[in-house]
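# Architecture and fold: a report
So the chains spell out like this:
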2 protein chains.
Amino acid sequence: METTVEARPATQAAPVPAGPVQEVIASLSAHFGERLAIGRAIREQHANTITWLANEAPDAVVFVESTEEVQLVVRACARHGVPVIAFGTGTSLEGQINAPQGGICVDVSRMNRVLSVHPEDLDCVVEPGVTRKQLNEHLRDAGLFFPIDPGADASLGGMASTRASGTNAVRYGTMKDNVIALTAVLANGEVITTARRARKSAAGYDLTRLFVGAEGTLGIITSLTLRLAGIPEAISGGVCAFPTIRAACDAVILTIQSGLPVARIELLDEVQVRACNAYSKLDLAEQPTLFVEFHGTEASVYEQSERFSEIAAEYGGGGFRWTTRPEERTRLWQARHDAYWACLPLKPGAKALATDVCVPLSRLADCVDETKRDIEEMGMLAPIVGHVGDGNFHTVTLVDMNDPQDVAKAKDFISRMVKRSLAMGGTATGEHGVGQGKRGYMEAEHGGATLDAMRAIKQALDPQNIMNPGKILP
Amino acid sequence: METTVEARPATQAAPVPAGPVQEVIASLSAHFGERLAIGRAIREQHANTITWLANEAPDAVVFVESTEEVQLVVRACARHGVPVIAFGTGTSLEGQINAPQGGICVDVSRMNRVLSVHPEDLDCVVEPGVTRKQLNEHLRDAGLFFPIDPGADASLGGMASTRASGTNAVRYGTMKDNVIALTAVLANGEVITTARRARKSAAGYDLTRLFVGAEGTLGIITSLTLRLAGIPEAISGGVCAFPTIRAACDAVILTIQSGLPVARIELLDEVQVRACNAYSKLDLAEQPTLFVEFHGTEASVYEQSERFSEIAAEYGGGGFRWTTRPEERTRLWQARHDAYWACLPLKPGAKALATDVCVPLSRLADCVDETKRDIEEMGMLAPIVGHVGDGNFHTVTLVDMNDPQDVAKAKDFISRMVKRSLAMGGTATGEHGVGQGKRGYMEAEHGGATLDAMRAIKQALDPQNIMNPGKILP
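The rules behind the values
- Residues numbered from 1 in each chain as written.
- Chains lettered and ligands numbered in written order.
- Predicted model: local features only at pLDDT ≥ 70, side-chain atom pairs only at ≥ 80, totals over all residues.
- Heavy atoms only, no water.
- UniProt positions renumbered as here; feature names shortened; annotations may be inferred.
- Helix = DSSP H or I, 4+ residues; strand = E, 2+ residues; numbered from the N terminus.
- Expected span 1.5 Å × (residues − 1).
- Buried < 20%, exposed > 50% of the residue type's maximum accessible area, 1.4 Å probe, protein only.
- Contact = heavy atoms within 4.5 Å.
- Least-squares fit on C-alpha atoms with pLDDT ≥ 70 in both.
- Salt bridge = Lys/Arg side-chain N within 4 Å of Asp/Glu carboxyl O.
- Polar contact = N/O pair within 3.5 Å; in protein donor to acceptor, adjacent residues only side chain to side chain.
- Nonpolar A, V, L, I, M, F, W, Y, C, P; charged D, E, K, R; others polar.
- Pairing = 2+ DSSP bridges.

In the nomenclature of an unreviewed UniProt entry, chain A is known as D-lactate dehydrogenase (cytochrome) of Ancylobacter rudongensis. What UniProt records for chain A under Sequence similarities (unreviewed entry) is the sentence "Belongs to the FAD-binding oxidoreductase/transferase type 4 family." Checking UniProt for chain A, the heading Cofactor (unreviewed entry) contains the comment "FAD".

Given 3.6 residues per turn, any residue in an α-helix points the same way as the ones three and four places further on. A rise of 1.5 Å per residue sets the reference length of helix 17 (residues 448-461) of chain A, with its 14 residues, at 20 Å; its end C-alpha atoms lie 20 Å apart and thus fit the reference within 8%. Among all positions of helix 17 of chain A, only Ala449(A), Thr450(A), Leu451(A), Ala453(A), Met454(A), Ile457(A), Lys458(A) and Leu461(A) are buried. On its buried side, helix 17 of chain A packs onto helix 8 (207-211) and helix 16 (442-446) of chain A together with strand 8 (179-186), strand 9 (191-193), helix 8 (207-211) and helix 17 (448-461) of chain B.

Right, let's get into the relation of the copies chain A and chain B. For the pair chain A and chain B, the superposition axis carries a translation of 0.0 Å, the fit reaches an RMSD of 0.0 Å, and the rotation angle comes to 180°. Here the two chains are linked by the operation of a two-fold rotation axis. By residue overlap, the copies meet face to face through one surface: 100% of the interface positions of chain A are interface positions in chain B.

Attention now moves to the interface of chain A and chain B. Facing the 80 residues of chain A at the interface are 80 residues of chain B. Put simply, chain A and chain B have six salt bridges between them. Here Asp390(A) and Lys200(B) are joined by a salt bridge, their closest N and O atoms 3.4 Å apart. Where chain A touches chain B, the interface holds 42 residue pairs in polar contact (both at pLDDT 80 or more). Elements with a minimum of two residues in the side of chain A that touches chain B: helix 7 (175-178), strand 9 (191-193), helix 8, helix 9 (245-257), helix 11 (298-314), helix 16 and helix 17 of chain A. Among the elements that take part in the side of chain A that touches chain B, helix 17 of chain A stands out by supplying nine residues, more than any other. Among the residues forming the side of chain A that touches chain B, the class breakdown is 34 nonpolar, 26 polar and 20 charged.

The next thing to look at is the UniProt feature "domain: FAD-binding PCMH-type" (unreviewed entry) in chain A. The feature "domain: FAD-binding PCMH-type" (unreviewed entry), as annotated in UniProt, sits at residues 54-231 of chain A in this numbering. The span residues 54-231 of chain A is 23% helical and 25% strand by assignment, and the distance between its end C-alpha atoms comes to 41 Å.

Bringing the pairing of strand 6 (residues 123-126) of chain A into the picture now. Residues and elements named next belong to chain A. Side chains of strand 6 alternate between two faces, with Asp 123 and Val 125 and Cys 124 and Val 126 buried alike. Joining the antiparallel neighbours strand 5 (residues 114-118) and strand 6 is a turn of four residues, in which Leu 122 adopts a positive phi near 50°. Direction of pairing for strand 6 relative to strand 10 (residues 219-227): antiparallel, over a ladder of four bridges. Across the sheet, Val 126 pairs through a bridge with Leu 224, a residue of strand 10.

Residues and elements named next belong to chain B. Relative to the elements of secondary structure, Ser 305 occurs in helix 11 (residues 298-314). Only 2.7 Å separates the side chain of Ser 305 from the backbone oxygen of Val 301, close enough to count as a polar contact. Apart from residues lying up to four places away in sequence, Ser 305 is in contact with Ser 236, Phe 294, Phe 320 and Trp 322.

Here's what the structure looks like:
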């Protein structure tokens, strides 16, 4: 196989010199053969940013099949000071898989075995390339499911690395709460296992949580022990339209405060509802709307649905229609999951840029309201969807990428949205992670001393800065 | 005030030279006046280990009242390379507050203000010296509570530092799950705040979780943002006796697996039941017994209780009696909380040494069974109580501290119990932490590479090793 590196696009800043990278590629090619790829198309596909961030392709992509192979790659890169970037499905949203300094992309998608399922313990062990849908297919017959559901059918290694969550987080938590332990290859090539399979432990530093959300900057995850949930005996769900965004948010706050164990509570603004109606052939009232779901026994989901109806009615929520019929629920939630795709026809030819923030629940209505006003005043098209039970919401900004003014406006809008969140005690990202896109806000969010502590940890575990450099830390 | 340091007991290994400590004390005494104590009694009281670990007193105790004062102490200690040990209520169980190298104890018990409560966000901000009971008193009128309840009325800073949990963890999680953010003073005297008040975030390394469970070895916590829960509308609870430990454990497994959202499910073996009967004037059958509690609406706790009855009956659980009457429930749970004290009369003059392990749920019955057999074969007195919904259980070993053979036997027993847990995929401690007592098991639990990663983090944040040295890491 050829081991010559094609020139990377001019957008790539400060690549490492070609010499070391070539040596790494040469040293790996004997072992990996055709599983080491250097074609431009495949390299660029592995730096797909789904945003305006420029594609910064790695110098090579290695398709690993075991922890030992990850070690092999990391050790070769460490010897030559070459960057290593982990890749799962490439669905991250903030440029997490870009290779601004070049280097070797470690594609774990072939590490896709479910290694074990322990129904009695409600956990399983998987390789990092297993996707969430693949895992749930695997688990169905055991009556179990893994509840974390970001929009994409992402890999579980990637979901852990970006601390992903999704529609079920209000009830089941995020990746932070559902990774019991993980195995990772560190920058020095050593393999660590962060915890035992026990449901809790007080034995030392919580390295599990340190690696969850580290976006591959501290090591590469090569297996995960995940907490599972039983498929609920009964599920009820429905939609409820509100006169205003604020009324919908207030209904959410009261729902959470009442301790109603809602499994999902999603806000769609009237723009998003219109888009979903068109895309998914629904006939919802084009108003701010909550999609709600309850999990439990027949009796308890009935009770929960009734209570939610009462709460919704207090805020003018019109006739909450709920159903336990799977086909109706599936249709609604499929529409919710397709929200991103539904946005695209709103502005033909535009790219849909999803961004997210998360604020304390008490500020949710303010933050969404101000964001909507901003959208109107700036003359943008940016539907809002949100996992509002957590105070987390997204805008899907439609941008004509060929119009520099449109791009600049979108950047300005997202920047204003993040600053608004921070000013309200919120965070720059609830679930998409930092990558390259949100690095610029880390100083404002955390302050210098906290960032220095993060840098010290990064430096301690990766003194050469070879693990996914240029991400998270400014 | 006097600034002479009394000689520390001979048990203290490798104290720092008196010179630097004297200089620190001298430099602090001007600011702290009578809030800096050097009397032997007060120093020894601040190294109370509640175990066979020797009392290793600090050289001085400083009663701090603010984050700035903690900074003052840490900076003085850092200048002279003198250890700093944080102290809340002194109820940790593995020697976490001992000062094996001497140094300054930072007593945060006067930092006991509830700084803010946000009912809409279900969170609050507290100083580290606030105790869990104090917080719950404060919250009661708002209809909220903080669910983490270790046996002692511990400080919330200490509970975070040891990653404490308790009887409610099966439903509400541990400190890991209920600290949203914290402020800490690092070894370099800088103050960091680990996160915003949003319910979730994907913005950088999870320093919150890194400090939870770090036992003051990475910094001193000076405030905590805690997640709260609404006081349930209805609570039902009851007790159920089983023919064997295994039957009780099997009922627990099925309860968890069924997704029954039990709030508490506690196992007491027949020895512990006998002790509680005597101490708390109960008339329970002296058999392995589960104490169970459900939280929810009137209808849902009724349904949950009925379902649990059915599960218990499958395993020979005799007539689960449940009640929603507060006074009956309180009497039962008070007895459960007094379990430690109830053990003492079983062996007059003995000390009760509590230790805990945590295994995957599927191994719980095996682990408890083997542990009980060990207790019998070794001729020990060691009642068993456990937060069995998490696979976590405790033995309270009664030891005549004046009988070296009895002490040796107890040490051997606990060592065997920890090794048994590790062999079953469990952890050396589910909720008590490592301190000095469980350091010796960290290599077996984590392996060398993982420990090295922990050491690298410790070294990065505390290069002089002044923050609670001699804890956690072997």
